Amino acid sequence: MQIREAQFPSDQAALVALIREYADWLNIDMSFQNFDEEMAQIDSQYCLPSGMLWVVQEALQLVACVGFKRFDSTTAEVKRLYVQPAYRGCHWGDELMHNVIDTTRQLGYQRLVLDTVPQTVASHGLYLRLGFTPIAPYYCGPTLAIQFFELKL
């Protein structure tokens, strides 16, 4: 298995399917984040200078992913960290997040932000271990139990 940067258009269909699997697993209406538009424009939203995506690939299958999107001139937002259930516990989430942190630092961002929901309790622990701290909401969303975090780079 390997971590690599997502390639467009070759990874697009498999990546959209993986992220939709993540959204289904969350069992949350993601329309408040313009999810369908994001999936339709994934190749432009997750390519520099707008953002990036990484995948974990086993043989020909994508089994995990994470990305970031430019939030403003100094801030990037972590998006779509997902590891398929069969691959959890192998530290792929840690490795993917280290790619995001290292790359955003190299690109000159000063902080990372992200949101989490109760279903992502394992990710929540990962974020805390990596040094993320709770912050006030940085967007208005539905009245879910969303928690917001930042990491100063």
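For the structure, see preceding data.
Keep in mind it's a predicted model, so treat the numbers as computed, not measured.

This part covers the nonpolar core. Core analysis: the biggest nonpolar cluster contains 26 residues, and V66, M97, L112 and F132 have the highest contact counts within it. Mapped by element, the contributors of at least two residues to this core are strand 2 (51-58), strand 3 (61-70), strand 4 (75-83), helix 4 (92-106), strand 5 (111-116), helix 5 (121-129) and strand 7 (147-152). Looking at this core element by element, the count peaks at five residues for helix 4. Excluding residues that lie within four positions of it along the chain, V66 makes contacts with M52, L53, W54, V78, K79, R80, L81, L96, M97 and V100. V16, I28, I42 and Y82 belong to the second largest nonpolar core, which has 24 residues in total.

In this section: the pairing of strand 7. Direction of pairing for strand 5 relative to strand 7: antiparallel, over a ladder of six bridges. Bridge assignment links V113 to a residue of strand 7, and that residue is E150. Note: strand 6 (residues 133-135) against strand 7, three bridges, orientation antiparallel. Considered in strand 7, the bridge of I135 is made with F148.

Another aspect to go through is the state of the cysteines. Following the criterion strictly, the structure yields zero disulfides and no others. For the unlinked cysteine C90, the closest cysteine sulfur is that of C65, found at 16 Å.

Definitions and cut-offs
Residues numbered from 1 in each chain as written. Predicted model: local features only at pLDDT ≥ 70, side-chain atom pairs only at ≥ 80, totals over all residues. Heavy atoms only, no water. Core = buried A, V, L, I, M, F, W, Y, C linked by side-chain atoms within 4.5 Å. Buried < 20%, exposed > 50% of the residue type's maximum accessible area, 1.4 Å probe, protein only. Helix = DSSP H or I, 4+ residues; strand = E, 2+ residues; numbered from the N terminus. Contact = heavy atoms within 4.5 Å. Pairing = 2+ DSSP bridges. Disulfide = S-S within 2.5 Å.

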